[in-house]
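# Overview (structure and organization)
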Amino acid sequence: MRKFDTVLVTGGCGFIGTNFIKYIFDKTNYKIINIDALTYAGNIKNLIDIENKDRYFFERVNICDAKKVNSIFEKYKPDCIVHFAAESHVDRSIFGPKDFIDTNIIGTFTLLEAARNLWKDNANGKLFHHISTDEVYGSLSDTGYFYETTAYDPRSPYSASKASSDHIVKAYYHTYNLPVTISNCSNNYGPYQFPEKLIPLMISNIIEEKDLPVYGDGKNIRDWIFVEDHNNAVLDIIYKGRVGETYNIGGENEITNIDMVNILCEKLASKMNKDKDYYKRLIKFVKDRAGHDRRYAINCDKIKKELGWKRQYDFNTAIDITIDWYLNNKEWIYDVKSGEYQKWIELNYSNSL
Ligand code: NAD
Ligand code: TDX
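The rules behind the values
- Residues numbered from 1 in each chain as written.
- Chains lettered and ligands numbered in written order.
- Predicted model: local features only at pLDDT ≥ 70, side-chain atom pairs only at ≥ 80, totals over all residues.
- Heavy atoms only, no water.
- UniProt positions renumbered as here; feature names shortened; annotations may be inferred.
- Helix = DSSP H or I, 4+ residues; strand = E, 2+ residues; numbered from the N terminus.
- Rg over C-alpha atoms; globule rule 2.2 N^0.38 Å.
- Contact = heavy atoms within 4.5 Å.
- Areas by Shrake-Rupley, 256 points an atom, 1.4 Å probe, with all protein chains shown as cover.
- Lys, Arg positive; Asp, Glu negative; His and termini not counted.
- Charge placed at Lys NZ, Arg CZ, Asp CG, Glu CD.
- Expected span 1.5 Å × (residues − 1).
- Buried < 20%, exposed > 50% of the residue type's maximum accessible area, 1.4 Å probe, protein only.
- Polar contact = N/O pair within 3.5 Å; in protein donor to acceptor, adjacent residues only side chain to side chain.
- Phe/Tyr/Trp six-rings, centres within 6.5 Å; stacked < 30°, edge-to-face > 60°.
- Near = heavy atom within 4 Å.
- Nonpolar A, V, L, I, M, F, W, Y, C, P; charged D, E, K, R; others polar.
- Salt bridge = Lys/Arg side-chain N within 4 Å of Asp/Glu carboxyl O.
- Pairing = 2+ DSSP bridges.
- Axes fitted to C-alpha atoms, helices over the stretch in contact; angles between N-to-C directions.

- In the nomenclature of an unreviewed UniProt entry, the protein is known as dTDP-glucose 4,6-dehydratase of Brachyspira innocens.
- Taken from UniProt, the Cofactor (unreviewed entry) comment for the protein reads in full: "NAD(+)".
- Regarding the protein, the UniProt comment filed under Catalytic activity (unreviewed entry) reads as follows: "dTDP-alpha-D-glucose = dTDP-4-dehydro-6-deoxy-alpha-D-glucose + H2O".

## What to know about the overall build of the protein
- Looking only at helices and strands, one finds twelve helices and twelve strands in the protein.
- For 353 residues, the compact-globule formula gives about 20 Å, and the C-alpha radius of gyration of the protein, at 20 Å, lands near that figure.
- Viewed in the frame of its principal axes, the protein has a C-alpha envelope of about 65 × 50 × 35 Å.
- The contacts in the protein between residues at least 6 apart in sequence include a share of 81% that link residues at least 24 apart.
- Of the accessible surface of the protein, which amounts to about 15,300 Å², a share of 48% is contributed by carbon and sulfur atoms.
- Measuring between centres, the 46 positive side-chain charges of the protein sit 2 Å from its 49 negative side-chain charges.

## Considering helix α10 (residues 315–328)
- With 14 residues, α10 extends 20 Å between its outermost C-alpha atoms, agreeing within 8% with the 20 Å of an ideal straight helix rising 1.5 Å per residue.
- Those residues of α10 lying buried are F315, A318, I319, T322, I323, W325, Y326 and L327.
- As for α10, its buried residues are in contact with β7 (187–189), α6 (198–207), β9 (221–226), β11 (254–256), α8 (257–271) and α11 (330–338).
- Residue D314 occupies the N-cap position of α10, its side-chain oxygen lying 3.1 Å from the main-chain nitrogen of N316.

## Comments concerning the packing of aromatic side chains
- Tallied over the entire structure, the rule returns 18 aromatic pairs.
- Note on F146 and Y296: the rings are 6.2 Å apart at their centroids and 45 degrees apart in plane angle, and the pair reads as tilted. With F146 in the loop between β5 (127–133) and α5 (157–176) and Y296 in the loop between β12 (283–286) and α9 (301–307), the pair connects residues that are 150 residues apart, well separated along the chain. For the residue pair F146 and Y296, the accessibility class agrees, reading buried in each case.
- Measuring from ring centre to ring centre gives 5.2 Å for W325 and W332, while their planes differ by 75 degrees; the resulting arrangement is edge-to-face.
- Looking at W325, the relative accessible area reads 15%, which means it is buried.
- An aromatic cluster of at least three residues, connected via ring pairs, comprises Y137, F146, Y152 and Y296.

## Things to note about the site of ligand 1
- Taken together, 28 residues sit near ligand 1, with I16, D36, S88, Y158 and K162 positioned nearest.
- Here an oxygen atom of ligand 1 and a side-chain polar atom of S88 are 2.7 Å apart.
- One nitrogen or oxygen atom from the main chain of N188 is found 2.9 Å from an oxygen atom belonging to ligand 1.
- Against a free-state accessible area of 840 Å², the protein chains account for coverage of 96% of ligand 1.

## Some details on the site of ligand 2
- Contacts to ligand 2 come from 20 residues, most closely from E135, Y158, R222, R289 and H292.
- Here P213 contributes a backbone N or O atom positioned 2.8 Å from a nitrogen atom of ligand 2.
- Y215 is positioned with one of its backbone polar atoms (N or O) 2.9 Å from an oxygen atom of ligand 2.
- Considering every element that reaches the shell around ligand 2, the biggest residue donor is strand β8 (residues 212–215), with three residues.
- Residue composition of the shell around ligand 2, grouped by class: eight nonpolar, seven polar and five charged.

## Focus on the pattern of salt bridges
- Within the structure shown, the criterion is met by 27 salt bridges.
- Note that E208 and K337 form a salt bridge whose closest N and O atoms lie 3.3 Å from each other. Of this pair, E208 sits in the loop between α6 and β8 while K337 sits in helix α11, placing them 129 residues apart in sequence.
- Among the ionic pairs, E252 bridges to R311, the shortest N-O distance being 2.8 Å. Taken as a pair, E252 in the loop between β10 (246–249) and β11 and R311 in the loop between α9 and α10 lie far apart in primary sequence, 59 residues in all.
- The partly exposed category is assigned to R311, whose relative accessible area is 28%.
- It is possible to trace a salt-bridge network through shared partners that takes in R242, E245, K302 and E306.

## Details of the sheet that holds β11
- Spatial strand order, β7-β9-β11: three strands in an open sheet with mixed pairing. With one partner strand each, in any of the chains shown, β7 and β11 form the two edges of the open sheet. Geometrically, the sheet is characterised by an average inter-axis angle of 50 degrees between neighbouring strands, direction not taken into account.
- Across three bridges, the pairing between β7 and β9 is parallel. Note that in β9 the partner of N188 across the bridge is I225.

This is the structure:
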C-alpha cells in the first residue's frame, strides 16, 4: 500500500475534482495542492470551507504553461499527482475543439514532463494517476461491454483528445518508466456538476420550468455512477493499483436518456408536491448530437477483483442526494449559469494566471 505526503490535484475546482478534494481532505492528513485555471467549469467557491486550512494550497495555473507548472512542482514536490483537469463537455468539443486539444493533450504532456523532471533521481513510491473516460472506447450497440483491453475508437473531439492523452501517459510509462496509472470511468453524477451535463441541466431546467432538450430519439444509453464511488475507486488505485495498469470504473447502471429524464421529472414532481407527470410536458425531442455515441457499458471486474473496490451507493439513493443538493443550492446554479461568478473571478483573480 502506497503512502503519500503531498498530493497534487489538477482541476480540483471542477465537478469531480471538487468532490475528490473534499473527500481526501476529510479522510487523510495529506498536504493537498490544487492547480486549476478556473475556466467556466471551475469554481473556487466550491472549496471555501477548506481554503484557509494549512494543508490546502490553491494555485491558479493553466496546465499548458510549462514554466508555471514546473515551478509549482519544484515548490511543493508532490509525491502523487491526480490529474482531473480537462475540457470535459462533448457538445463544446463539437463546436470548438481547440481548447480540448490544448488542455487535454498538451496539458497532460506538460504535467508528465514536469513529473518526469521532478522524479528523475528517484521515482520510487511516486505516482501519476490520469483520470480518463469510457468514451475512448467508442460506441456499443445493444450488447457487449468495454474492457480494459478493448481497442480505442474515439468519435468526438473530446474523446479523441482524452484517448490521445491516455496514449501519451502510457508512453511515458513504457519509455521513461514514469510510475503511472490510468482509470477510465463512465458517466458521473452528483453535487457540483456544471449544469451543461444531462442530469444537472435537466434538474436546473425543471426547477425553472424550462424545456428539457432530449437529443435524437432519447434511446442512447449511458452507465451512471455516483461521483463518490468514482473517487473511492481512484483512491483504491493510487494506494494499491499496479503501476502501468489501466482500471475501468463503472456504475453497472445502464439507463436510456429518456428514462433518466422521466425519472428526474417524477422525483422532482414528488419533492415539489406536483402531479407525477407535471414536468414531463417540458420534454422536447431536439436535433441529435453529431456523431452521438449510442451506448456505453463498462466491465469493471478488474478493479473489483484486484483492488477489492465496491460501490457504496445505489442509484435511487444517490440520485436523491444529487437532486436535493441542487434544490438546496439554487444560488450555486444561478451563479455558474448567469456569468456572475466569472465576473467575480475576473475581479479577484485577474492577475494570477
Ligand atoms: P469539469 O469540466 O467539471 O472540471 C474541469 C476542471 O478543470 C475545471 O475546474 C477547470 O477550471 C479545470 N481546467 C480546465 N482546463 C484547464 C487548464 N488548461 N488548466 C488548468 N485547469 C483547467 O470536469 P469533470 O466532469 O470534473 O471531469 C474531470 C475529469 O474526469 C476529466 O478529465 C474528465 O475527462 C474525466 N471524466 C469525467 C466524467 C464525467 O462524467 N464528468 C466521466 C469520466 C471521466
Ligand atoms: O441536453 C442534453 N440532452 C441530451 O439528450 C444533454 C446535455 C445531453 N443529452 C444526452 C447526450 C448523452 O447521450 O445525454 C447523454 C449524456 O450527455 P452528457 O451529460 O453531455 O455526457 P456524455 O456526452 O455522455 O459525456 C459525459 O460522460 C463521460 C461527460 O461529459 C464526459 O466528461 C465523460 O467523459
